[in-house]
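Survey of secondary and tertiary structure
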Amino acid sequence: TAPEIDREEIVVELNFLVEDNNGNIAENIRYLKVKNKYVSLNELDGIVLYGSDTDLPNALSLECMSQPFNLKYTTDSLSADIYVESNELFDKINLRSLTDLKFVRNNSFNYAKTSANQIQTVYESSIRSDIVLNLCINDVILVGHKETAKGVLYVKNIILQNDVLGNNACLQLGFKGLSTFD
């Protein structure tokens, strides 16, 4: 029986010790990688992306999800795995990528109770797209490169607010990422 683990994988050391009738002893050590297909994933919460017409953060890199940036002011726009494309009213919101990231919208996917195995299985068996059109609150979007899932986004809120600085409408997102990035 494999040990119960709370990580995606663990390496177990197996020691084999054999003694024959003459008292000769042989020892062999083997390593076994145990993968937990059903491990719960931690959520990165509080991701905020603004519309494409603002000077506020409107893009993300999967390598650094906690540091959104603005495409206008970055020297490395090709790191934008995810960016917001919107009209001025922020009533038509799309997600695109400047990398080879693909999207799968699947609103029947259980974001709250997902596992790495579920994300990979659904992403792998779905039709992937270069764009997600007309985002709505509660949208669930799986993301990945080629056949490999990288995680799942959840649109928690869409806030339409105009202030003295202009239109600062934004998306509030959650993200559950797989720990095995290429």
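Up top is the structure.
Residues numbered from 1 in each chain as written. Predicted model: local features only at pLDDT ≥ 70, side-chain atom pairs only at ≥ 80, totals over all residues. Heavy atoms only, no water.

Quick notes on the pattern of salt bridges
The full count for this structure, using the stated rule, is seven salt bridges. For the salt bridge of D55 with K72, the shortest nitrogen-to-oxygen distance reads 3.1 Å. You can see D55 sitting in the loop between β3 (44-50) and β4 (59-60) and its partner K72 sitting in the loop between β4 and β5 (82-86), a full 17 residues away along the chain. One salt bridge in this structure joins D130 and K102, with 2.2 Å as the shortest N-O distance. With a gap of 28 residues between them, D130 in the loop between α1 (116-124) and β8 (131-132) and K102 in strand β7 (residues 101-105) connect regions that are remote in the sequence. Residue K102 is classed as partly exposed on the basis of its relative accessible area, which comes to 26%. (Salt bridge = Lys/Arg side-chain N within 4 Å of Asp/Glu carboxyl O. Helix = DSSP H or I, 4+ residues; strand = E, 2+ residues; numbered from the N terminus. Buried < 20%, exposed > 50% of the residue type's maximum accessible area, 1.4 Å probe, protein only.)

Considerations on α1
Where α1 is concerned, the buried positions are A116, I119 and Y123. Each buried residue of α1 sits inside an arc of 65° when the element is viewed along its axis, so together they form one side. Of the surrounding secondary structure, the elements contacted by the buried residues of α1 are β7, β9 (140-145), β10 (148-159) and β13 (170-177). (Arc of directions from axis to C-beta. Contact = heavy atoms within 4.5 Å.)

Side note on the sheet that holds β4
Spatially, the four strands line up as an open sheet ordered β4-β5-β6-β8, and their pairing is antiparallel. In the strand order of this sheet, the two ends are held by β4 and β8, each with one partner. With four bridges connecting them, β5 and strand β6 (residues 93-96) associate as antiparallel partners. The residue bridging E85 from the neighbouring strand is N94, located in β6. (Pairing = 2+ DSSP bridges.)

A short note on the nonpolar core
Counting residues in hydrophobic clusters, the biggest one holds 23 residues, and the most contacted among them are L95, I141, L153 and L171. Counting residues per element, the ones that place at least two in this core are β3, β5, β6, β7, β9, β10 and β13. In this structure, F109, Y111, A116 and A149 belong to the second largest nonpolar core, which totals 12 residues. (Core = buried A, V, L, I, M, F, W, Y, C linked by side-chain atoms within 4.5 Å.)

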